[in-house]
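Spelled out, the chains give:
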Amino acid sequence: MPEVLKAPLVVEFPFTRSLGPVQSAFLTGLRERVVLGVKTGDGRTLVPPVEYDPFTAEEIRDLVEVAPTGTVTTWAWNHAPRRGQPLDTPFAWVLVRLDGADTALLHALDAPGPDAVRTGMRVRIRWAGRRSGAITDIACFEPYDGEPAEPAGHTGAFEDRVSGILAPARLDYTYTPGRAQSGYLHALAERRTVGERCPSCHKVYVPPRGACPTCGVATSEQVEVGPRGTVTTFCIVNIKAKNLDIEVPYVYAHIALDGADLAMHGRIGGIPYDQVRMGLRVEPVWTDGARHPDHFRPAGEPDADYDTYKELL
Ligand SMILES: [Zn+2]
């Protein structure tokens, strides 16, 4: 039995979103040290605000200022903060119902330890020194034993409103692909592609997942497929991805490798994007040191007959 692989995997991307009128006012307010909620038709105040009533789906636009002081409604201790979290020392994740609000806001509470945190404790906002119109303009919450603060009655009208945010997303995993995909990856290191055959329906799955999704039985018989294959379907990519050094437009395709009963993904190169077609016969192109083909290019064979891949679409 070959070694089961394990490796760090980081999924990271910048998430850009535009803000509607309500989120725009909320985040611009934070920049100005004002916390805004919205009032629903039945008189509840929602903080953080939403554009539509979660119960009636009615559009809500009535902004109302709430206090920067509030009450912890529940919490969990974070003993090992990770990169990018609000504080770099251990802290509590808290839901805080700000004075004047009917719902609670998720944020961090700076406290010396879990013994110093309880449901019902009073807290206030600690504002960030530099604010840009983001939830991080609230640096965190801190314990507070004074009177509830009085909001000034801001209506949400601001100069120079924040209209969008860039939220970097990052997920850190230790990924283990399991027995079947480890075998697939070990073979790829030798520039071979292997799938696994279902003992019941005899389909060959590439990449193998260790079981047949149709029959529900474990697969174990390794079958080498390819290296050539057939484009079963494709799309033309016109949007350039950040940090990806491929000129647009380019073609991304489903490719059924010879002997496989499932198409896999790959980029098609070596042919103008507008000449790629269903049935095109392709072969992998490897670059030095790569663990997988860089792309597939035309193999110089006649196109495959539709009937040979119609079941693989
Ligand atoms: Zn099966």
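Residues numbered from 1 in each chain as written. Predicted model: local features only at pLDDT ≥ 70, side-chain atom pairs only at ≥ 80, totals over all residues. Heavy atoms only, no water.

Notes on the coordination of the zinc ion
Link 1 in the chain: Cys 198 (SG), Cys 201 (SG), Cys 212 (SG) and Cys 215 (SG) make up the full set of protein donors to the zinc ion, lying at 2.3 Å.
Link 2 in the chain: Seen from the zinc ion, its 4 donor atoms lie at angles of 106 to 114 degrees, and the figure they make is tetrahedral.
Link 3 in the chain: Mapped onto the sequence, the donors of the zinc ion take the spacing C-x2-C-x10-C-x2-C. Within this pair, whereas Cys 201 is found in the loop between β11 (193-197) and β12 (204-205), its partner Cys 212 is found in the loop between β12 and β13 (221-225), the two being separated by 11 residues in sequence.
Link 4 in the chain: Its relative accessible area of 2% is what places Cys 212 among the buried residues. (Donors = N, O, S within 2.8 Å, 3.2 Å for Na, K, Ca; no water. Tetrahedral: all angles 85-135°; square planar, octahedral: opposite > 155°, others 65-115°. Helix = DSSP H or I, 4+ residues; strand = E, 2+ residues; numbered from the N terminus. Buried < 20%, exposed > 50% of the residue type's maximum accessible area, 1.4 Å probe, protein only.)

Some remarks on the sheet that holds β13
Link 1 in the chain: Spatially, the 3 strands line up as an open sheet ordered β12-β11-β13, and their pairing is antiparallel. The strands lining the two open edges of the sheet, one partner per strand, are β12 and β13.
Link 2 in the chain: In this structure, β11 lies alongside β13, joined through 5 bridges in antiparallel fashion. Within the sheet, the bridge partner assigned to Arg 197 lies in β13 and is Glu 221.
Link 3 in the chain: Helix α2 (residues 178-189) contacts β11 and β13 of the sheet and is inclined by roughly 150 degrees relative to β11. (Pairing = 2+ DSSP bridges. Contact = heavy atoms within 4.5 Å. Axes fitted to C-alpha atoms, helices over the stretch in contact; angles between N-to-C directions.)

Re the packing of aromatic side chains
Link 1 in the chain: Using the criterion set out here, one finds 2 aromatic pairs in the structure.
Link 2 in the chain: A centroid spacing of 4.9 Å and a plane angle of 75 degrees characterise the contact between Phe 91 and Trp 93, whose relative ring orientation is edge-to-face.
Link 3 in the chain: For Phe 91, a relative accessible area of 0% corresponds to the buried category.
Link 4 in the chain: Since its relative accessible area comes to 29%, Trp 93 is described here as partly exposed.
Link 5 in the chain: Ring centres of Tyr 306 and Tyr 309 lie 5.5 Å apart, and the angle between their planes is 80 degrees; this geometry places the pair in the edge-to-face category. Remark: Tyr 309 and Tyr 306 occur in helix α3 (residues 306-309); sequence separation between them is 3 residues, near one turn of the helix.
Link 6 in the chain: Look at Tyr 306 and you get partly exposed, because its relative accessible area is 42%.
Link 7 in the chain: Positioned over the ring face of Tyr 52 is Arg 61, at 5.9 Å from the centre of the ring. (Phe/Tyr/Trp six-rings, centres within 6.5 Å; stacked < 30°, edge-to-face > 60°. Lys NZ or Arg CZ within 6 Å of the ring centre and 35° of its normal.)

Re the sheet that holds strand β2 (residues 35-39)
Link 1 in the chain: With antiparallel pairing, 3 strands are arranged side by side in an open sheet as β3-β2-β4. Only two strands of the sheet have a single partner each, and these edge strands are β3 (45-46) and β4 (62-66).
Link 2 in the chain: Relative to β4, β2 runs antiparallel, the two being bridged by 5 bridges. Paired with Lys 39 across the two strands is Asp 62, which belongs to β4.

Let's talk about the pattern of salt bridges
Between side chains of opposite charge, a pair can form when the charged atoms approach closely.
Link 1 in the chain: Overall, the coordinates contain 24 salt bridges when judged by the stated rule.
Link 2 in the chain: For Arg 124, the salt bridge identified is with Glu 142, shortest N-O distance 3.0 Å. Remark: Glu 142 occurs in strand β9 (residues 138-143) and Arg 124 occurs in strand β8 (residues 122-127); sequence separation between them is 18 residues.
Link 3 in the chain: Glu 283 is the salt-bridge partner of Arg 228, the closest N and O atoms lying 3.0 Å from each other. Of this pair, Arg 228 sits in the loop between β13 and β14 (229-237) while Glu 283 sits in strand β17 (residues 281-285), and the two are 55 residues apart along the sequence.
Link 4 in the chain: Judged by its relative accessible area of 29%, Arg 228 is partly exposed.
Link 5 in the chain: One network of salt bridges, with partners in common, ties together Arg 228, Asp 258, Arg 281, Glu 283, Arg 297 and Glu 301. (Salt bridge = Lys/Arg side-chain N within 4 Å of Asp/Glu carboxyl O.)

A short note on the environment of Cys 198
Link 1 in the chain: With respect to the helices and strands, the residue Cys 198 is situated in the loop between β11 and β12.
Link 2 in the chain: Note on Cys 198: relative accessible area 0%, which makes it buried.
Link 3 in the chain: Residues Cys 198 and Gly 210 lie 12 residues apart in sequence; the distance between their C-alpha atoms is 9.2 Å.
Link 4 in the chain: Filtering out sequence-adjacent residues up to four positions away, Cys 198 remains in contact with Lys 203, Tyr 205, Cys 212, Cys 215, Val 217 and Thr 219.

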